[in-house]
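# Coordinate inspection notes
If you want the building blocks of each chain, they are given just below.
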Amino acid sequence: MGSRSERASPPLRLLVEAGLLAASGAAVLLDSRGYPPSLTEGAPGPAFFPRLLAVLLIASAAWLAIRAWRKGSGAARSRGNAASDSAAGGRAGTRIRPLGVWIAVTWIAAFLLVWPLLGTVLSVPLLVVGLMWLTGERSWRTLVSVPLAFAGFIYLVFMVLLGVPLPAGF
Amino acid sequence: MTAFLDGLLTALQPGNLAALLAGSLLGVFAGAMPGLSSTVGLALVLPVTFALDPTPALLMMVSIYMAAEYGGSITAIAIGVPGSSPALATTFDGYAMTRRGEAGRALGISLFSSMSGGILGTILLVLALGPLSRAAIAFGPAEYFGLGVFGLSIVANLVGRDPLKGIISALLGLLFFIVGLDVLTGAPRLTLGTNMLMDGLGLVPMLIGFFAIAEALKAAAGGRKATAPGGGITGALPRARELFGLWRTILRGSAIGGLIGAIPGAGATIASIVAWNEERRVSKDRERFGTGVPAGIAAPEAANNSCVGAAMIPLLALGIPGSASAAVLLGGLTVQGVAPGPLLMAERAELVYALYAGFLVAVLLMLAVGRLGIPLWTRVVRLRPSILMPLVVAISLVGVFALRGNAADAWVALFFGVVGFAMLRAGYPLAPAVLGLILGPMIETNYRRALTLSSGSHTIFLESPISLVLLALAVVSFAAPAVRNRIISGKRQAKEPQ
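Please read all numbers here as calculations on a predicted model, not as lab measurements.

### A word on the overall build of chain A
Across its full length, chain A carries eight helices and zero strands. The secondary structure elements of chain A, listed N-terminal to C-terminal, are α-α-α-α-α-α-α-α. Counting only contacts in chain A whose residues sit at least 6 apart along the sequence, the fraction spanning at least 24 positions is 62%.

Okay, structure coming up:
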């Protein structure tokens, strides 16, 4: 079963991207209405740069939409293969498990919520064990030993040796 | 020369040598931990230096500063997450080499280039303290604006086959920097009415999100099929012949780092990106940059370590810190009762020469510490992704929290992780967005400051020769890839009928 984004036709996906970008640009334009004017006559105020960027973003979104419209699925096959992507390991278009991504995001968000309450030593192993499970680790020995050893490392190096004031919990 | 030798003897005294070694170890660690950096490392050690004499205290700090610049490249190469922002450009080719199984070679090139850059930056510091510091203060808003635009023009080389998506990525990066209080008026912009966003989104959380969390989300998306960084990773080091064969690249990178590092506020991140781009521009192999080219590691690493010595030029000569790390160092000097400025050499010559020599000893210690650490890092790279990625996320979040003691930064990192993952999925390159966030403040603030000075006249950008040259270079740099591609496709078309 593919995800909804995988089932959507490539031009439609590009149109959705263009719509999101244009909406972001419009939101910036709306927000910039409340900025104060420039303090110096002749010099641009705090709204100038955001508005310029918003207009450029909307224009780029329009270009993206037109391209999607004209080129059809051919445009969607184009892949940003910038040098940085090879460094970041970016690969557009491979099959993904959307549920795995959402669970990982929720798990990290939950960690950030409980971190101040449980403290670093208790919450960091929970974060690590959850992510290890999500990324496919199934060895119980590893799932127990690695998070505990890592928590010890963080405690000793960051909290004791370097004196970094990480959340200590209740 | 005698004064320098005296300084060297001072730096080699057991207590001072121990301080330099401790600084190297801490610096490499601080640089390698995503979220931490030379600035954080220096800030952490500052209270410790209060109890030391001025010479060992300052030697420990310069050693941290130097070693952290190399340390940043370790995680950039090993796991594709820049340990600190100056190592961003190193990820382009460094991580690509690791994915090919050449982590040891990449780390060796980085270490050798960092060492060479550090030595050349120190030589620059000794020889050009006076003239370069005077040139550095010639930089006003118009010149900084020119430098920022020149830096941004590098986007043209990072957009890949889909320039539109690269441009959109850069625009998004520039918009991300808008979030927070306006520097000139204090007006909140794009803060959604929350105090949490008043400080802005921050570069480090963005780097952590884009390069660590987005990568972990990819691994989670793959489940049990999470891909390893590379098969058969070896710790094999580069041969001496290969290292010395990079001398032109290292010289170019060091020169760029030395010049940009001496300009207060420009910083090692910009220097390393500019060095990578210039190396790509002059290389016959430019199309292979980003796929694991040794020169793509050597140039930025030489540049960011050369910046360390260069950043000391305005600090020692004028009392102006050239970077955030130099600002902490200034704090250390002040605490020790040392007042940087034109009179420093006259009043504390012995300390200045000990610092010069300390830089060189720190570079050699960094080489030793770095060399001993390479087997460890190549072992880290061999960990299963299901172990490595969760640890990277956890240490990144701890590091990003430690940066300012602010939980909001960790949330921002998660936000950028999700955005980065979505951008990668949709084929948007991440590097232009990072470049936008780095250069946005320099471009906007100095554009507005320059126009304030000129009462709104844009001729201010053309009246300054430095600004004019930088803007012209920006136009050339921006247009060059398109022109080159057009020429190449024209030649191909001409050949086809034959």
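### Looking at the overall build of chain B
In terms of helices and strands, chain B carries 21 helices and two strands. In terms of C-alpha radius of gyration, chain B reaches 22 Å, essentially the compact-globule figure of 23 Å for 498 residues. By principal-axis analysis of the C-alpha atoms, chain B measures approximately 70 × 60 × 60 Å. Nonlocal contacts in chain B, meaning residues at least 24 apart in sequence, comprise 79% of its contacts between residues at least 6 apart.

### So, the interface of chain B and chain A
Each side of the interface is counted separately: chain B has 72 residues, and chain A has 63 residues. Sorting elements by how many residues they give to the side of chain B that touches chain A places helix α17 (residues 385–404) of chain B first, with eleven residues. Looking at side-chain class alone, the side of chain B that touches chain A contains 47 nonpolar, 14 polar and eleven charged residues.

### Digging into helix α8 (residues 140–161) of chain A
Helix length check: α8 of chain A, at 22 residues, gives a terminal C-alpha distance of 30 Å against a target of 32 Å (1.5 Å per residue), a fit within 8%. Listed as buried for α8 of chain A are Val146, Pro147, Phe150, Ala151, Ile154 and Phe158 of chain A. Those residues of α8 of chain A that are buried are in contact with α7 (120–134) of chain A together with α17 of chain B. Backbone geometry just downstream of α8 of chain A places Gly163 of chain A in the positive-phi region, at approximately 70°.

### Quick word on unusual backbone geometry
All names here are of chain B. In the Ramachandran plot, Leu190 falls in the positive-phi region, its phi being about 50° despite a non-glycine side chain. Look at Leu192: it is not a glycine, yet its phi comes out positive at around 55°. A count of 10 C-beta atoms within 10 Å places Leu192 in the exposed class.

### Examining the packing of helix α11 (residues 247–261) of chain B against helix α13 (residues 294–318) of chain B
All names here are of chain B. In contact at an axis separation of 7 Å, α11 and α13 are set at 35° when each is read in the N-to-C sense. For α11 against α13, the interelement crossing comes out right-handed. Residues Thr249, Ile250, Arg252, Gly253, Ser254, Ile256, Gly257, Gly258, Ile260 and Gly261 of α11 touch α13, and the partners they reach there are Ala295, Ala298, Ala299, Pro300, Ala302, Ala303, Asn304, Ser306, Cys307, Ala310 and Ala311.

### As for the confidence of the model for chain A
Parts of the model with low pLDDT should not have their predicted coordinates read in detail. All names here are of chain A. Per-chain confidence: chain A averages 81 in pLDDT, with 79% of residues scoring 70 or above. Across chain A, α7 holds the top mean pLDDT of 93, while helix α5 (residues 83–88) sits lowest at 40. Between residues 1–8, whose pLDDT stays under 50, and residues either more than four places distant or in other chains, the model counts four contacts. Across residues 75–93, where pLDDT falls below 50, the model places 72 contacts with residues more than four positions away in sequence or in other chains.

### Observations concerning the nonpolar core
Membership of the largest hydrophobic core comes to 221 residues, with the highest contact counts inside it found for Ala216, Val434 and Leu435 of chain B. The element that contributes the greatest number of residues to this core is helix α16 (residues 349–381) of chain B, accounting for 20 residues. Composition of this core by domain shows at least three residues from each of domain 1 (4–84) and domain 2 (98–161) of chain A. Setting aside its immediate chain neighbours within four residues, Val434 of chain B contacts Leu88, Gly173, Met206, Leu207 and Phe210 of chain B.

### Considerations on the environment of Met366 of chain B
Residues and elements named next belong to chain B. For Met366, the location among the structural elements is in helix α16. Owing to 29 C-beta atoms within 10 Å, Met366 belongs among the buried residues under this scheme. When the C-alpha atoms of Met366 and Leu20 are compared, they prove to be 9.4 Å apart, with 346 residues separating the residues in sequence. Apart from residues lying up to four places away in sequence, Met366 is in contact with Ser24, Met66, Ala67, Tyr70, Ser114, Met115 and Gly118.

### Topic: the packing of α7 of chain A against α17 of chain B
Between two packed helices, the angle of one axis relative to the other and the distance separating the axes together describe the packing. Remark: α7 of chain A packs on α17 of chain B, axes separated minimally by 8 Å, with the N-to-C direction vectors making an angle of 145°. Here the hand of the crossing between α7 of chain A and α17 of chain B comes out right-handed. Contact residues: Val124, Leu127, Val128, Leu131 and Met132 of chain A in α7 of chain A; Ser386, Ile387, Met389, Pro390, Leu391, Val393 and Ala394 of chain B in α17 of chain B. Classifying every residue of the contact of α7 of chain A with α17 of chain B gives eleven nonpolar, one polar and no charged.

### Thoughts on the confidence of the model for chain B
Residues and elements named next belong to chain B. Looking at chain B as a whole, its pLDDT mean stands at 84, while 94% of the residues score no less than 70. Element-level pLDDT for chain B is lowest in helix α15 (residues 344–347), with a mean of 74, against a maximum mean of 94 in strand β2 (residues 188–189). Predicted as a complex, the structure gets a pTM of 0.78 and an ipTM equal to 0.82.

### A few points about helix α9 (residues 203–222) of chain B
Residues and elements named next belong to chain B. An ideal rise of 1.5 Å per residue puts 28 Å on 20 residues; α9 measures up with 28 Å between its terminal C-alpha atoms. Maximal helix bending in α9 amounts to about 35°, located at Gly209. When you tally the buried positions in α9, you get 18 out of 20 residues, the bulk of the element.

### A short note on the environment of Leu391 of chain B
Mapped onto the secondary structure, Leu391 of chain B falls in helix α17. With 22 C-beta atoms counted inside 10 Å, the residue Leu391 of chain B sits in the buried group. When the C-alpha atoms of Leu391 of chain B and Ala212 of chain B are compared, they prove to be 10.0 Å apart, with 179 residues separating the residues in sequence. Beyond its immediate stretch of four places on either side in the chain, Leu391 of chain B contacts Val128 and Phe150 of chain A.

### Section: the environment of Thr10 of chain B
All names here are of chain B. Among the secondary structure elements, Thr10 is positioned in helix α1 (residues 2–11). Overall, the presence of 19 C-beta atoms within 10 Å leaves Thr10 in the partly exposed class. When sequence neighbours within four positions are dropped, the list of residues in contact with Thr10 reads Asn16, Thr55, Glu350 and Ala354.

What counts, and at which threshold
Residues numbered from 1 in each chain as written. Chains lettered and ligands numbered in written order. Predicted model: local features only at pLDDT ≥ 70, side-chain atom pairs only at ≥ 80, totals over all residues. Helix = DSSP H or I, 4+ residues; strand = E, 2+ residues; numbered from the N terminus. Contact = placed C-beta atoms within 7 Å. Rg over C-alpha atoms; globule rule 2.2 N^0.38 Å. Nonpolar A, V, L, I, M, F, W, Y, C, P; charged D, E, K, R; others polar. Expected span 1.5 Å × (residues − 1). Buried ≥ 20, exposed ≤ 12 C-beta atoms within 10 Å, placed from the backbone. Axes fitted to C-alpha atoms, helices over the stretch in contact; angles between N-to-C directions. Left-handed = near helix turned anticlockwise from the far one by under 90°. pLDDT = per-residue confidence, 0-100. Core = buried A, V, L, I, M, F, W, Y, C linked by C-beta atoms within 7 Å. Domains from an automatic or database assignment. Bend = angle between axes of the 7 residues up to and from the residue.

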